[in-house]
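# Notes for the structure review
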Amino acid sequence: MAGTFNVAGVAVSGEHFIDGRRVDSEDRFEVRSPLDWTLKLADVARGTPATAEAAVKAALAAFPGWAALGPKGRAIHLNRLADLIDQRKDDIAAVECMDMAMLLESLRARVIPRGALNFRNYADLAASHEERAWSSKGTANRVIRMPAGPAVIITPWNAPFMLSTWKCAPALAAGNPVILKPAEWSPLSASVLADLVAESDMPPGVLNIVQGYGAEVGSALVADPRVRRISFTGSVPTARRIGAAAAANIVPFTAELGGKSCLLVFADADLEAAARKAAGQYDDSGQVCMAGTRLIVEESIRDEFLSLFNAFTDRHVLGDSRDPATTISPMIHPSHLERVAGFVERARAAGDDITRGGRIHREGGLWYEPTLIRPRSNQSEVVQNEVFGPVLTFQTFRGEAEGISLANSTAYGLSGIVYTGSAERADRVGRAIRAGTVWVNTFLVRDLTAPFGGIGISGLGREGGDYALEFHADLKTLQILEGSCRS
Ligand code: NAD
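Residues numbered from 1 in each chain as written. Predicted model: local features only at pLDDT ≥ 70, side-chain atom pairs only at ≥ 80, totals over all residues. Heavy atoms only, no water.

## Some words on the site of the ligand
The condition that has to hold: Nearness is judged by heavy atoms alone; a residue qualifies as near a molecule or strand once a single heavy atom is within 4 Å of it. Think of a polar contact as two N or O atoms within 3.5 Å of one another; within protein, one of them needs to be a possible hydrogen donor and the other a possible acceptor, and neighboring residues in sequence only count if both atoms come from side chains. All accessible areas in this document rest on Shrake-Rupley with a 1.4 Å probe, and a residue is counted as covered only by the protein chains that are shown. Secondary structure elements follow DSSP: runs of H or I no shorter than four residues count as helices, runs of E no shorter than two count as strands, and numbering proceeds from the N terminus. Basically, the charged four are Asp, Glu, Lys and Arg, the nonpolar ten are Ala, Val, Leu, Ile, Met, Phe, Trp, Tyr, Cys and Pro, and anything else, Gly included, counts as polar. Where each domain starts and ends comes from a domain assignment, either automatic or drawn from a database.
Taken together, 27 residues sit near the ligand, with K181, E184, S235, T238 and E386 positioned nearest. Residue T238 places a side-chain N or O atom 2.7 Å away from an oxygen atom belonging to the ligand. The contact in question runs from a nitrogen atom of the ligand to an N or O atom on the backbone of L257, over 2.7 Å. Computed on the free molecule, the ligand has an accessible area of 860 Å², of which 88% lies beneath the protein chains in the complex. Sorting the residues of the shell around the ligand by element identifies α7 (214-223), β12 (229-233) and α8 (236-248) as the ones contributing at least two each. In terms of residue count, α7 provides more of the shell around the ligand than any other element does, 3 residues in total. Of the residues contributing to the shell around the ligand, the split by class is 13 nonpolar, 10 polar and 4 charged. Two domains each put at least three residues into the shell around the ligand: domain 1 (4-257 + 454-477) and domain 2 (262-440).

## Examining the side chain of T155
In plain terms, the rule: Residue burial is assigned from relative accessible area. The probe radius is 1.4 Å, only protein chains are included, and a residue is buried under 20% of its type maximum, exposed over 50%, and partly exposed in between. For this analysis, residues touch if any pair of their heavy atoms sits within 4.5 Å.
Of note, T155 is situated in the loop between β9 (151-154) and α5 (160-173). On the basis of relative accessibility, which here comes to 4%, the residue T155 falls in the buried class. Here T155 is in contact with L163, S164, K167, L180, K181, P182, A183 and T233, once residues within four sequence places are set aside.

## Focus: the state of the cysteines
Keep this limit in mind: In this description, a disulfide is simply a cysteine sulfur pair whose atoms lie within 2.5 Å.
Under the counting rule described, the total for this entry stands at 0 disulfides. Of the cysteine sulfurs around C97, a residue in no disulfide, the closest is that of C289, at 20 Å. Since its relative accessible area comes to 1%, C97 is described here as buried. Unpaired in this structure, C262 has its nearest cysteine sulfur neighbour in C289, at a distance of 15 Å. Residue C262 is classed as buried on the basis of its relative accessible area, which comes to 1%.

## Some remarks on the pattern of salt bridges
To keep it simple, the criterion reads: Any Lys or Arg side-chain nitrogen found within 4 Å of a carboxyl oxygen on Asp or Glu counts as a salt bridge.
One pass over the structure, following the stated rule, counts 33 salt bridges. Bridged by salt links that share partners, the residues E53, K57, D224 and R226 form one connected network.

## Some thoughts on the domain arrangement of the protein
Using the following cut-off: The term buried area denotes the loss of accessible surface (1.4 Å probe radius) that occurs when two parts are joined, taken as the sum for both partners.
Each domain of the protein was delimited in the assignment, giving domain 1 (4-257 + 454-477) and domain 2 (262-440). Centre-to-centre separation of domain 1 and domain 2, based on C-alpha positions: 31 Å. Every contact between the two is made by 24 residues of domain 1 and, on the other side, 26 residues of domain 2. Between domain 1 and domain 2, roughly 2,100 Å² of surface is buried when both sides are summed, and carbon and sulfur atoms account for 68% of that area. At the boundary of domain 1 and domain 2, one finds 9 residue pairs in polar contact (both at pLDDT 80 or more). Counting residues per element, the side of domain 1 that touches domain 2 draws most heavily on helix α3 (residues 89-100), which supplies 4 residues. Residue composition of the side of domain 1 that touches domain 2, by class: 16 nonpolar, 5 polar and 3 charged.

## Quick look at helix α9 (residues 271-279)
Inclusion rule: Read the arc as the range of directions from the helix axis to the C-beta atoms.
Listed as buried for α9 are L271, A274, A275, A278 and A279. Mapping the buried residues of α9 onto a view down its axis gives an arc of 130°, with all of them on the same face. Those residues of α9 that are buried lie in contact with β14 (261-265), β15 (292-298), α10 (302-314), β18 (391-397) and β19 (415-419). For α9, the side-chain oxygen to backbone nitrogen distance between the N-cap and E272 is 3.2 Å, and the N-cap itself is D270.

## A look at the side chain of D352
Here D352 is to be found in the loop between α11 (334-350) and β16 (353-356). Of note is the side chain of D352, whose polar atom sits 3.0 Å from the side chain of S380. Aside from chain neighbours lying at most four places away, what touches D352 is A347, I373, R374, P375, R376, S380 and V382.

Have a look at this one:
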C-alpha cells in the first residue's frame, strides 16, 4: 500500500487518520531511527492548516453521537481498543523501539501494556462516576458532567505511546472526540494506534491522528475556536505559545512540562537503595521528565554515597535498545545529543566540575556518557535548567532546612525523590518539597487515580483519575424547586 512502511516487520502507515480513513498530505517528512541514524524508517505526511481543518470537522461531526453514547457505551469501545493494544503489544513495542529507542524489554513488559491500562482505567472510572446530588434551600441539586467538545492533544517525543494513550483516554471517556498530534521525532506508534482504532470499530471521527510539525499543523489545531479542550505535554516554550492560543479562544488548557527534580538523600537512609536509584536516573538516557536529576546528599555521607553511586553507574551498559544487556539507550536525535553536549560544554567552560562522563560516547552513535557534574554554584545553568539527557548534578547539604531549600531552589516543580529512614522526616520533607509528586524511598510508582502534574513552570492543571475527567467536562449545576414537578 502506498505510504506504508515496514518498521521492524510491522506495516506502519505514514498517513494521517481522519474521520476513520487514511489521508495524505502533499509533503512528507523523513523519520530516522536513533538506533541507526543511516536507517530511514518512514516518510510521514506533513500536515498543514488544511489537515487541521479536516480533523476538526471530523471531530465536530462525531461529537453528538459519541457524547450520546454515555460513559457505559463509550467504555465498550475503549475496552475493545485496550484489548487490541494488548494483542499487538509486541508490534507496538518493536515500532516504538526503532522510532524512539526506548529499551525494547521495558516497552514490552511495562510501557505498552500501560497504554492498554490507560483506556481500561478511564472506561471504568467514567462509567462508575456518580453525579453529586443533594438538597439545599428547597431545591434538588445535581452536578452534571457534560462532554465539552473536540479536544486537541499534543504529545512530546519521549514515551510517545504511553503519553498519547494517557491523554486520549480521559478525553474519550468524558465524551470528547480527539485530535492527537504526536511529535515529529517519534510519530510511528501513534500510526499503529490509528490502525487499532479502525479495527475496534470506534465511530469515524472520534479519534483522529494528525502528523506533522508543531509550528505548522499543531499551531493551526490549537488556534481553532471550535476546539474546546487542549491538553499538552512538552516543553515550557511551546506551552507558552499554546497557552496564548488557548487564552485567545478562552479554551481550558493543561500543560505537563519539564522538570529539574531533586533526589534528596539523608544520612539516615538506606544508602545502597538511594545510590542504586540515583544511578537509575540515567535510564532512558535521562530523557524522562520526572527524573531526579539533582542529587542533593547530606554532607556526612558524601563519600560513601558517591562510591556506591559510582559503582552502580559503572554497571550501566550503553548499547542497542533491542539488546537485553543494554541499560542506556541511544538518544532520540543528533540535534538533541548536541543540545545535551552543549549544556555540559558550557558547564565545563564556566568552571563546573565534570566528575564523570561528559562526552559523546561513540563515533556515529547517539549515546552520551552518563555524566555527573559538581556545580560551582546553585545558580549554574546545569542546576537550574532541564537538560533532558544523562546528566546529573551533585550537591551536598548540612541539616534538613538546607536540604529542603536546595530542593526547592529552581523554577520547576514536577516531582521530587527523598531517601530517609525516618517516618517523621518522610512526612515533613515530603510536604515541604514544592512539587506535584514526591516519592519517598521509591520512584515512578504510579497509581493512575492520583493527580499528576507540575508546580511552577512544570505545568498547569492535573491529569490522572477524576482530575482529567473533570478537565474534559463542562460542569453544570442543575437545580429544581422541590415539590414543583410531578413524576
Ligand atoms: P516540544 O515542546 O518541542 O514539542 C512537544 C509537542 O508540541 C510536539 O508534538 C510538537 O510538534 C508540538 N508543538 C511544537 N510547537 C507547537 C505549536 N506552536 N503549536 C502546537 N504544537 C506545537 O517538546 P519535546 O521536545 O517534544 O518534549 C520534551 C519536553 O517534554 C521536555 O521538556 C520534557 O520534560 C517534557 N515532558 C513532560 C512530561 C510531563 O508529564 N510533565 C512528560 C514527557 C515530556
